[in-house]
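Take a look at the letters that make up each chain.
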Amino acid sequence: MTRESTGKDNSNFVRLSVNLSHETAQTFKTLAERKGLSFTEAIRRAITIWKFVEDQLAQGHELAIVESDGNPRKILFL
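Residues numbered from 1 in each chain as written. Predicted model: local features only at pLDDT ≥ 70, side-chain atom pairs only at ≥ 80, totals over all residues. Heavy atoms only, no water.

Attention now moves to the overall build of the protein chain. Broken down by element type, the protein chain carries two helices and four strands. In sequence order, the protein chain lays out its α and β elements as β-β-α-α-β-β. Burial analysis of the protein chain (78 residues in total) assigns 10% to the buried set. Of all intrachain contacts in the protein chain linking residues separated by at least 6 positions in sequence, the fraction that spans at least 24 positions is 5%. Entry remark: accessible area of the protein chain is about 7,300 Å², with carbon and sulfur atoms responsible for 55%. (Helix = DSSP H or I, 4+ residues; strand = E, 2+ residues; numbered from the N terminus. Buried < 20%, exposed > 50% of the residue type's maximum accessible area, 1.4 Å probe, protein only. Contact = heavy atoms within 4.5 Å. Areas by Shrake-Rupley, 256 points an atom, 1.4 Å probe, with all protein chains shown as cover.)

Pasting the structure below:
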C-alpha cells in the first residue's frame with residue numbers, strides 16, 4: 001500500500017492497486033454503474049458489507065435472504 005500523494009491532504013486515504021481478471025472487473029463495473037457509483041465508492045461499500053457479514057458470522061449468527069413470498073432462505077458461507 002502506498003499513500004496518495006496528489007498535494008491534497010489525503011492522510012486518511014490509502015491508494016491501492018489490485019489485479020482483477022477481465023471478467024471480475026467487468027462484473028464489478030456493471031454493479032457500480034447499476035447503482036451510479038464510482039469504483040472507489042463501490043469498493044468502500046463492498047468492504048463494508050463484507051465486514052458486516054464476517055462480524056455477524058463471528059458472533060454465531062446466520063444470514064438469510066427473504067424471498068418474495070416471505071420465506072427465508074439460509075445463506076451458507078464456505
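Time to look at the pairing of strand S3 (residues 63–66). Sheet analysis places S3 next to strand S4 (residues 72–75), joined by four bridges and oriented antiparallel. Within S4, the residue paired with Ile 65 across the bridge is Arg 73. (Pairing = 2+ DSSP bridges.)

Moving on: the environment of Val 53. Take Val 53: it is sitting in helix H2 (residues 39–58). Accessibility expressed as a relative area gives 15% for Val 53, which makes it buried. For the pair Val 53 and Phe 77, spaced 24 residues apart in the sequence, the C-alpha separation amounts to 9.7 Å. Those residues in contact with Val 53 that sit more than four places away from it in its chain are Leu 63 and Phe 77.

The subject of this paragraph is the confidence of the model for the protein chain. Here the protein chain averages 89 in pLDDT, and 87% of its residues register 70 or above. Note that residues 2–6 has pLDDT below 50 and, in this model, eight contacts with residues that lie over four places away or in other chains. (pLDDT = per-residue confidence, 0-100.)

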